[in-house]
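Residues per chain are reported as follows:
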Amino acid sequence: MQLLGIHHLTAVTANARGNIDFYTESLGLRLVKKTVNQDDVSSYHLFYADGKGTPGTDITFFDWPAARERRGTRSISRTAFRVSSETTLHWWRDRLAKLGVKNSGVMDLDDRPTIEFEDPEGQRLALVVEDNRSDQQPWENSPVPAEHQIHGLGPITMSIINFPATQSLLTKVMNMRHAREYSQAKCGIHVFEMGGGGAAAELHVRVEPDLSPAQLGAGGVHHVAFRTPGIDEYQAWFERLNQMNIRSSGPIDRFYFRSLYFREPNGILFEIATDGPGFATDEPLDQLGQHLSLPPFLEDRRREIEAGLKPI
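Small disclaimer: the values here were computed from a predicted structure and weren't measured.

**Q** Talk me through the overall build of the protein; I want residue IDs and the actual numbers.
**A** Per the secondary structure count, the protein includes six helices and 16 strands. Its C-alpha radius of gyration of 18 Å places the protein within 12% of the 20 Å reference for a compact globule of 312 residues. Each principal axis of the C-alpha distribution contributes one length, and for the protein these read about 50 × 50 × 40 Å. Looking at the protein as a whole, 57% of its 312 residues are labelled buried. Just so you have it, the protein exposes about 13200 Å², and 47% of that area is on carbon and sulfur atoms. Taking the 33 positively charged and 41 negatively charged side chains of the protein as two groups, their mean positions are separated by 4 Å.

Take a look at the structure:
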């Protein structure tokens, strides 16, 4: 039983309008779903992805009136996106500079050409050259030319204190493979891979025992989700967690996918999510993200929910 890679990552914004502007206009991603946090319907849940909302391409945001994140360990510390070539990476270096987005310039990290940068709220991001993948689903209305568009999520980096406990969970419970190690700024980083491996299927683990724990806020990450293909595998993961005495949320139907939540030993929230049914379940593919979508179990509260949301 193998996870396929990163499914999505959910972060926090305190500025929904500015968030949409940055991720669609600056990064050229498509807003594929404008909905609400199903556990807090007073806030938006915004999903950005490739042209078709392919699993493994979406970064999502809860819109909460929160102060900025206090950075530290026991948290997701950087989210990477994949691009097609080093030529494209240099194109992005120039684009970010023109947009006034400070960035690291092109550097070599874990033997991959990489640019690190932040969004306006301090969300830590990166662009990496992917491993010869050809699964791009471009968005025809993106301000970024098709050949330079982001292909999807790349490695997700997390910071922890207790490495042996997390390593045990990743390898013995989640069936990830410890692939290699590298260092950045004198910090050792362990790379775990899933499925077929490659940039879209990696979790990078920084071991930073001297840092204080992070405090979630705007610019921080709420959770990271991992891909499983369908309902049968999803149910098997639920049963596996139960058998190994790992406390979980139990199965949750998010309508666009099924979710299963649990925390790794350092307290970071993980999710296992199904690839389907997908974002075109309740609106045409060519109209994704243009209107407020609600799952059927919230539809009878639409008037109440819309009244509680600020227009964006």
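**Q** Can you tell me about the environment of I189, naming the residues and giving the values?
**A** Mapping I189 onto the fold places it in strand 11 (residues 187-193). Separated by 71 residues in the primary sequence, I189 and L260 have C-alpha atoms spaced 27 Å apart.

**Q** Please provide a residue-by-residue account of the nonpolar core, values included.
**A** Grouped together as the largest cluster of nonpolar side chains are 65 residues, with contacts concentrated most on L27, M174, F226 and F270. Not counting the four nearest positions on each side in its chain, F226 is found in contact with L3, G5, I6, H7, M174, M176, M194, L203, F270, E271, I272 and A273. Counting 10 residues, the second-largest nonpolar core is a separate cluster that includes A225, F255, Y256 and A273.

**Q** How would you explain the sheet that holds strand 14 (residues 252-253) if you had to name every residue and give the values?
**A** As summarised here, the arrangement of the eight strands in space is 2-3-4-1-13-16-15-14, forming an open sheet in which the pairing is mixed. The sheet is open, and its two edges are formed by strand 2 (30-37) and strand 14, each paired on a single side. Here five bridges tie strand 13 (residues 221-228) to strand 16 (residues 269-277), and the two strands are oriented parallel to one another. Bridge pairing in strand 16 places R227 opposite A273.

**Q** Please set out the packing of aromatic side chains residue by residue, giving values where relevant.
**A** Counted according to the given criterion, the structure contains 13 aromatic pairs. Centroid distance F47 to F257: 6.5 Å. Interplanar angle 65°. Geometry classified as edge-to-face. Pair noted here: F47 is in strand 3 (residues 40-49) and F257 is in strand 15 (residues 257-263), with a separation of 210 residues, a long-range link. For F47, a relative accessible area of 2% translates into the label buried. On the basis of an interplanar angle of 70° and a centroid distance of 6.1 Å, the ring pair of Y48 and F61 is categorised as edge-to-face.

**Q** Any chance you could break down helix 1 (residues 16-26) for me, citing the residues and the numbers?
**A** When helix 1 is considered as a whole, its buried residues turn out to be A16, N19, I20, F22, Y23, T24 and S26. One or two steps after helix 1, the chain reaches G28, where phi turns positive at roughly 75°.

**Q** Hey, could you go over the sheet that holds strand 5 (residues 75-83) for me, with residue numbers and the actual values?
**A** Read across the sheet, eight strands follow the order 6-7-8-5-9-12-11-10 without closing on themselves; strand pairing throughout is mixed. The open sheet terminates on both sides in strands that have one partner only, identified here as strand 6 (107-109) and strand 10 (177-184). Going from strand to strand, the sheet's axes swing by 35° on average, the running direction of each strand aside. As defined by bridge partners, strand 5 adjoins strand 8 (residues 124-129) across five bridges and the pair is classed as parallel. Following the sheet pairing, R82 is matched in strand 8 by V128.

**Q** Break down the environment of V144 for me, citing the residues and quoting the values.
**A** Note that V144 resides in the loop between strand 8 and strand 9 (152-160). Here V144 is in contact with S26, L27, G28, W91, W92, R95 and Q149, once residues within four sequence places are set aside.

**Q** Quick one: what's the story with unusual backbone geometry, residue by residue and with numbers?
**A** The residue after G276, namely P277, is reached through a cis peptide bond having omega 5°. Topologically, P277 is positioned in strand 16. The backbone of A185 shows a phi angle near 50°, a positive value even though the residue is not glycine. Among the structural elements, A185 can be located in the loop between strand 10 and strand 11.

Criteria and thresholds
- Residues numbered from 1 in each chain as written.
- Predicted model: local features only at pLDDT ≥ 70, side-chain atom pairs only at ≥ 80, totals over all residues.
- Heavy atoms only, no water.
- Helix = DSSP H or I, 4+ residues; strand = E, 2+ residues; numbered from the N terminus.
- Rg over C-alpha atoms; globule rule 2.2 N^0.38 Å.
- Buried < 20%, exposed > 50% of the residue type's maximum accessible area, 1.4 Å probe, protein only.
- Areas by Shrake-Rupley, 256 points an atom, 1.4 Å probe, with all protein chains shown as cover.
- Lys, Arg positive; Asp, Glu negative; His and termini not counted.
- Charge placed at Lys NZ, Arg CZ, Asp CG, Glu CD.
- Core = buried A, V, L, I, M, F, W, Y, C linked by side-chain atoms within 4.5 Å.
- Contact = heavy atoms within 4.5 Å.
- Pairing = 2+ DSSP bridges.
- Phe/Tyr/Trp six-rings, centres within 6.5 Å; stacked < 30°, edge-to-face > 60°.
- Axes fitted to C-alpha atoms, helices over the stretch in contact; angles between N-to-C directions.

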